[in-house]
Amino acid sequence: MAVSLPLRDCQAWKDAKLPLSTTSNEACKLFDATVTQYVKWANDQSLGGMEGCLAKLKAADPNFVMGHVISNGLVLIGTGNSVKLDKELDLAMKTMVEISKTQPLTQREQLHVSAVETFAKGNFPKACELWEEILRDHPTDMLALKFAHDGYFYLGYQEQMRDSVARVYPFWTPDVPLSSYVKGLYSFGLMETHFYDQAEKLAKEAVWPVAASPPCPGLQALSIEPTDAWSVHTVAHVHEMRAEVKAGTEFMQRSESQWKDSDMLACHNYWHWALYLIEKGEYEAALTIYDDHILPRLKGRGSVLDVVDSCSMLFRLQMEGVSVGQRWQDVLPVTRPHTQDHILLFNDAHFLMASLGAQDRQTTQDLLTGLQEASKSPGENCQHQLARDVGLPLCLAMVEFKDGNPDRALELLLPIRYRIVQMGGSDAQRDVFNQMLIHAALNCTSSAHRNVARSLLMERDALKPNSPLTERLIRKAAAVHLM
Ligand SMILES: [Fe+2]
């Protein structure tokens, strides 16, 4: 996937009112190339990918602070590495801070350094505040906008994710590089706050202009950024939230060529495709997507998002009563090295799915013990602060659920169900926990829990009508006289 040229040099960044403290035009252009690939969710192999760009960037100007900011920020925002466990990252962070003290920086650059430092400490709310401070004076700072967007996503701050983009949206006129991608960011926030019509319209505008005649129903021709995988992803979410399984499946099929080369998001878009198939009860087709597209990416790149997609999908299929064979054995070697990360509670819950699925009791125990310790650690880490009240009860509920103790799982989950959003992720991703609660309720033996399943199913049906998955669960409840 080629980055559109020209990339901005020192003067171009200055003209954009985003001056960079370096005299190297090469470093400036490579910084631009890295931001662009981050926004597009795609490594441009003609430039050596993001890693290649960052290596060349450091060689072009080893003291370029914003080069260090984007390099460290991208590692951290990937949520697979922490300064506590990754010595290389720890050293890189210290180098960034030291270099920032040796030269006069703009206030914007200083804020970027502070934000990345703060994020590394696990204080995501404060880091987002710093990125917002940048955006108040520099609304077209894409790095601040995208880091804040991802930070809010990890915090489950759905309104902030939407409003952060709304505040700067008018400044992203078509002449500003990457402006069409801001539509994708905004549409995702709109979708997560349930403005589905607006979200869909905006996401499609980013990829297909309004005035063109559609080549097929629902799509329009003449692309603006035909490979904007994040905008396509918003549309996938809209279909998911409305249980439009047929439209969703067809949309993914038609648009596949537009996002399959976005190597950082393709796995996740295939996961969305598979969700429609699970909804429809077409489990073999879902497993084929898993085997053909998700597992190879998990084994290849193995990013945390790929891991989360893999775990979530296998866990959902098992709840549907589908045998996943030995597939957990392929996932566990990728998740096990992350057992002591405790960077995101949302990730922890998915790593736990793998150790539970593979029946690796030792890894399960290690994760729970580590999380318990993290929950007691002092400091500003927001995930550790949330572990005691939300992360641990959820993880313990998953263990009880898998151990065949549905009453205990339900007792742990019910009090925290409306707080799980604080662990971040999308509504669609967190639905795996809603489904687990319903399955637990369906299998409860205690008379006090008998009506919980019915309540949960009525609520689910009201929120997302015509869901085949919900209908199957309702039939199951009726079979045991709960409906
Ligand atoms: Fe998604």
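Please read these numbers as outputs of a predicted model, since none were measured by experiment. Position numbers for residues start from 1 in each chain and track the written sequence from start to end. Per-residue local features are limited, in this predicted model, to residues with pLDDT of at least 70; the limit for side-chain atom pairs, both in listing and counting, is 80 or more; totals at the level of whole chains, interfaces and linings are taken over all residues. Note that water and hydrogens are dropped before the side-chain values are worked out from all heavy atoms of the structure.

A. How the structure looks around helix α4 (residues 65-77). Segments assigned H or I by DSSP are reported as helices when at least four residues long, segments assigned E as strands when at least two residues long, and all are numbered from the N terminus. The length a helix should cover is 1.5 Å for every residue beyond the first. For α4, spanning 13 residues, the distance from its first C-alpha to its last is 18 Å, which sits close to the expected 18 Å at 1.5 Å a residue. Any residue under 20% of the maximum accessible area for its type is buried, any over 50% is exposed, and the rest in between are partly exposed; the area is computed with a 1.4 Å probe on protein chains only. Turning to α4, its buried residues number three or more, namely Val65, Met66, Gly67, His68, Val69, Ile70, Ser71, Asn72, Gly73, Leu74, Leu76 and Ile77. In this analysis, two residues are considered to be in contact whenever any of their non-hydrogen atoms come within 4.5 Å of each other. Those residues of α4 that are buried lie in contact with α2 (25-40), α3 (49-60), α5 (87-101), α6 (107-120) and α8 (142-155). One or two positions beyond α4, positive phi appears at threonine 79, with a value near 55 degrees.

B. Here's a closer look at the domain arrangement of the protein chain. Here the domain parsing of the protein chain yields domain 1 (1-165) and domain 2 (178-259). Computed from C-alpha atoms alone, the centre-to-centre distance between domain 1 and domain 2 is 27 Å. Facing the 16 residues of domain 1 at the interface are 13 residues of domain 2. We define a salt bridge as a side-chain nitrogen of Lys or Arg found within 4 Å of a carboxyl oxygen belonging to Asp or Glu. Counting the contacts that link domain 1 with domain 2 gives zero salt bridges. Sorting the residues of the side of domain 1 that touches domain 2 by element identifies α2, α8 and α9 (158-168) as the ones contributing at least two each. Three categories are distinguished: nonpolar for Ala, Val, Leu, Ile, Met, Phe, Trp, Tyr, Cys and Pro, charged for Asp, Glu, Lys and Arg, and polar for the others, with Gly belonging to the last. Counted by class, the side of domain 1 that touches domain 2 contains nine nonpolar, three polar and four charged residues. As used throughout, domain bounds are those supplied by an automatic or database domain assignment.

C. Seen up close, the environment of phenylalanine 153. Following the sequence through the fold, phenylalanine 153 ends up in helix α8. C-alpha separation for the pair phenylalanine 153 and glutamine 422, spaced 269 residues apart in sequence, amounts to 9.5 Å.

D. Spotlight on the side chain of threonine 118. Here threonine 118 shows up in helix α6. Each polar contact in these results corresponds to two N or O atoms within 3.5 Å; when the atoms are within protein, one needs to be able to donate a hydrogen and the other to accept it, and residues that are neighboring in sequence are counted only if both atoms are side-chain atoms. Looking at threonine 118, its side chain comes within polar contact range of the main-chain oxygen of serine 114, at 2.6 Å. Beyond its immediate chain neighbours, meaning those up to four positions away, threonine 118 contacts Asn123, Lys126, Ala127 and Leu130.

E. How the structure looks around the packing of helix α14 (residues 266-280) against helix α24 (residues 468-479). Working convention: axes come from line fits to C-alpha atoms, limited for helices to the stretch in contact. Angles between N-to-C directions cover 0 to 180 degrees. It is at 7 Å that the axes of α14 and α24 come closest, and there the two elements cross at 35 degrees. For the pair α14 and α24, the sense of crossing is left-handed. On α24, the residues that touch Ile278, Glu279 and Lys280 of α14 are Pro468, Leu469 and Arg472. For the contact of α14 with α24, a count of residues per class yields three nonpolar, no polar and three charged. Whether a crossing is left-handed or right-handed is set by the direction in which the near helix is turned from the far one by less than a right angle, anticlockwise for left-handed and clockwise for right-handed.

F. Up close: the coordination of the iron ion. Sites may look incomplete, because water is not among the atoms used; the donor set itself consists of N, O and S atoms within 2.8 Å of the metal (3.2 Å for Na, K and Ca). Protein-derived coordination of the iron ion comes from His233 (NE2), His237 (NE2), His268 (NE2) and His272 (NE2), at a distance range of 2.1 Å. A four-donor site is classed as tetrahedral when every donor-metal-donor angle falls between 85 and 135 degrees; four donors are called square planar, and six octahedral, when trans pairs exceed 155 degrees and all remaining angles lie between 65 and 115, with any other arrangement labelled irregular. Considering all four donor atoms around the iron ion, angles at the metal cover 89 to 179 degrees and the coordination shape is irregular.

G. A look at the packing of aromatic side chains. Only rings of Phe, Tyr and Trp enter the pairing, Trp through its six-membered ring, and a pair is recorded when the two centres are within 6.5 Å. The plane angle decides the type: under 30 degrees is stacked, over 60 is edge-to-face, the rest tilted. Summed over all chains, the structure comprises 16 aromatic pairs. Ring geometry for phenylalanine 119 and phenylalanine 124: centres 4.3 Å apart, planes at 15 degrees, overall stacked. For the pair shown, phenylalanine 119 and phenylalanine 124 are each scored as buried. Among the aromatic residues, those joined into a ring-pair cluster are Tyr38, Phe119, Phe124, Trp131 and Phe147. Working rule: Lys NZ or Arg CZ, within 6 Å of ring centre, within 35 degrees of ring normal, means a charge sits over the ring. Sitting over the ring of tryptophan 13, arginine 8 keeps its end group 4.1 Å from the ring centre. For the cation-ring pair, lysine 146 lies above tryptophan 230, with the distance from its terminal atom to the ring centre recorded as 6.0 Å.

H. View of the pattern of salt bridges. Under the criterion given, the structure shown has 30 salt bridges. Close ionic contact of aspartate 197 with arginine 242 constitutes a salt bridge, the shortest N to O distance being 2.3 Å. Within this pair, whereas aspartate 197 is found in helix α11 (residues 196-207), its partner arginine 242 is found in the loop between α12 (229-241) and α13 (245-259), the two being separated by 45 residues in sequence. Residue aspartate 197 is classed as exposed on the basis of its relative accessible area of 57%. Note that aspartate 306 and arginine 301 form a salt bridge whose closest N and O atoms lie 3.6 Å from each other. In this structure aspartate 306 comes out as buried when scored by relative accessible area, which is 0%. Among the charged side chains, a salt-bridge network with shared partners connects Asp197, Glu200, Lys204, Arg242 and Glu244.

I. Quick peek at unusual backbone geometry. Phi at histidine 194 is positive, roughly 75 degrees, even though this residue is not glycine. With respect to the helices and strands, the residue histidine 194 is situated in the loop between α10 (179-192) and α11. Judged by its relative accessible area of 49%, histidine 194 is partly exposed. Despite not being glycine, alanine 243 has its phi angle at roughly 55 degrees, a positive value.

J. Focus on the environment of glutamine 383. Within the fold, glutamine 383 resides in helix α20 (residues 382-402). By relative accessible area, which is 1% here, glutamine 383 ends up buried. Separated by 38 residues in sequence, glutamine 383 and valine 421 have C-alpha atoms that sit 13 Å apart. Setting aside residues up to four positions removed in sequence, glutamine 383 forms contacts with Gly122, Phe124, Tyr154, Ile343, Leu344 and Leu345.

K. How the structure looks around the nonpolar core. Think of a nonpolar core as a cluster: buried Ala, Val, Leu, Ile, Met, Phe, Trp, Tyr and Cys residues, connected wherever their side-chain atoms sit within 4.5 Å. Residues Phe31, Trp131, Trp328 and Leu394 are the most contacted members of the largest nonpolar core, which totals 171 residues. Counting residues per element, this core draws most heavily on α20, which supplies 11 residues. Sequence-distant contacts of tryptophan 328, that is, excluding residues within four places in its chain, are made with Cys311, Leu314, Phe315, Gln318, Met353, Ala354, Gly357 and Ala358.

L. Quick peek at the environment of isoleucine 99. Counting through the fold element by element, isoleucine 99 comes out in helix α5. Taking relative accessible area as the criterion, isoleucine 99 reaches 10% and is therefore assigned buried. For the pair isoleucine 99 and histidine 68, spaced 31 residues apart in the sequence, the C-alpha separation amounts to 9.0 Å. Once residues within four sequence positions are removed from consideration, isoleucine 99 is found in contact with Pro62, Asn63, Val65 and His68.

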